[in-house]
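Inside the fold
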Amino acid sequence: MSQYSIALVVGSLRRGSFNRQLGRAVAKLAPPEFSFHEVRVDDLPLYNQDDDLAPGEAVKRLKTEIAAANGLVFVTPEYNRSIPGVLKNAIDHASRPYGQNVWAGKPAGMLGASVGAPGTSMAQQHLPNILTYLDVPTLGQPEAFLQVNEGFFDAAGSIANAGTKAFLQSWMDRYVAWVNKITPR
Ligand SMILES: Cc1cc2nc3c(=O)[nH]c(=O)nc-3n(C[C@H](O)[C@H](O)[C@H](O)COP(=O)(O)O)c2cc1C
């Protein structure tokens, strides 16, 4: 059975990030041939084009991990109706130098959790604009805009509500089919 290694890119550095918890909970819904690896973005410097030809270790690590991945899942909060700067910074790093965009061609999925009712819907409008330019085929449906409240996760870090879990399982099933469609084996 072919193995798929999926890079999980979380757009929050917050210790108790709901989005990181969501990413980890959703990864548990994947079939056994899919493994998820959370990429580290908290130690990346602010992107500076002057450093393109002499990237630091953290940048090299990010690019190596993305290049090795068979797919991407972005799980991000919405900051002021867009994606957080930390996520844009990571995306910019791995898109450069010009002509060496390692995101290109990787099938991507998007999820987001917010404490507010919009549930990251605006951030998830902006993210595909960026990903389309970077030649990243991004799953459009089902959209997953989640509002987190107390008890959203159970003690084991899984999705507590049966209906929400079933919805996220359907999201994962569609994502798995998407990866297989874009990169058939
Ligand atoms: C700078 C900032 C801007 C925010 N803007 C939004 C927003 O536009 N929409 C929204 O639903 N929540 C917004 N929030 C609230 C986030 O949904 C909330 O902080 C959430 O917990 C962030 O995700 P995390 O738990 O993964 O860090 C904002 C939070 C911060 C810190």
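Just so it is clear, the model here is predicted, and its values are computed rather than measured. (Residues numbered from 1 in each chain as written. Predicted model: local features only at pLDDT ≥ 70, side-chain atom pairs only at ≥ 80, totals over all residues. Heavy atoms only, no water.)

1. So, the site of the ligand
Defined as follows: Throughout, near means a residue has at least one heavy atom within 4 Å of the molecule or strand. Polar contacts, as used here, are pairs of N or O atoms within 3.5 Å; protein pairs need one atom able to donate a hydrogen and one able to accept it. Residues neighboring in sequence count only if both atoms are side-chain atoms. Computed by Shrake-Rupley with a 1.4 Å probe, the accessible areas treat only the displayed protein chains as cover when residues are assessed. As a working rule, the residues Ala, Val, Leu, Ile, Met, Phe, Trp, Tyr, Cys and Pro are called nonpolar, Asp, Glu, Lys and Arg charged, and the rest polar, with Gly in that last group.
Surrounding the ligand, one finds Ser12, Arg14, Ser17, Phe18, Asn19, Pro77, Glu78, Tyr79, Asn80, Arg81, Ser114 and Val115. Measuring from a nitrogen atom of the ligand, one finds a backbone N or O atom of Asn80 at 2.8 Å. A distance of 3.3 Å separates an oxygen atom of the ligand from a polar atom in the backbone of Val115. When the free accessible area of the ligand is taken as 610 Å², the share hidden by the protein chains comes to 74%. Within the shell around the ligand, the residues separate by chemical class into 4 nonpolar, 5 polar and 3 charged.

2. Examining the sheet that holds strand β4 (residues 108-114)
For clarity, the cut-off: Only strands joined by at least two bridges in the DSSP assignment are considered to pair. Helix and strand assignments follow DSSP, with helices taken as H or I runs no shorter than four residues and strands as E runs no shorter than two, numbered in order from the N terminus. Angles run from 0 to 180 degrees between N-to-C directions of axes, and those axes are lines fitted to C-alpha atoms, restricted for helices to the stretch in contact. Contacts are assigned to residue pairs that have any heavy atoms within 4.5 Å of one another.
Taken in spatial order, the 5 strands of this open sheet run β2-β1-β3-β4-β5, and their pairing is parallel. With one partner strand each, in any of the chains shown, β2 (34-38) and β5 (145-147) form the two edges of the open sheet. Averaged over neighbouring strand pairs, the angle between their axes works out to 25 degrees when direction is ignored. Pairing geometry for β4 and β5, over 3 bridges, is parallel. Among the inter-strand pairings, Gly112 is bridged to a residue of β5, identified as Phe145. On top of the sheet, helix α5 (residues 162-182) reaches β1 (4-10), β2, β3 (71-75), β4 and β5; it is set at about 160 degrees to β4, its chief contact.

3. Things to note about the environment of Ser35
Positionally, Ser35 belongs in strand β2. For the pair Ser35 and Pro137, spaced 102 residues apart in sequence, the C-alpha separation works out to 20 Å. Discounting residues that sit within four places of it in the chain, Ser35 has contacts with Tyr4, Ser5 and Ile6.

4. Examining unusual backbone geometry
Selection rule: Type-normalised accessible area, obtained with a 1.4 Å probe on protein chains alone, sets the label of each residue: buried when under 20%, exposed when over 50%, and partly exposed for intermediate values.
Between Arg96 and Pro97 the backbone carries a cis peptide bond, its omega angle lying at 0 degrees. Its location among the elements puts Pro97 in the loop between α3 (85-93) and β4. Each neighbour pair has its own omega, and for Gln141 with Pro142 the value is 0 degrees, a cis peptide bond. Positionally, Pro142 belongs in the loop between α4 (123-133) and β5. Even without a glycine there, the phi angle at Thr120 is positive, about 75 degrees. Inspection of the secondary structure puts Thr120 in the loop between β4 and α4. You will see that Asp135, though not glycine, has its phi angle at about 65 degrees, which is positive. Mapping Asp135 onto the fold places it in the loop between α4 and β5. Exposure remark for Asp135: the relative accessible area of 53% places this residue in the exposed category.

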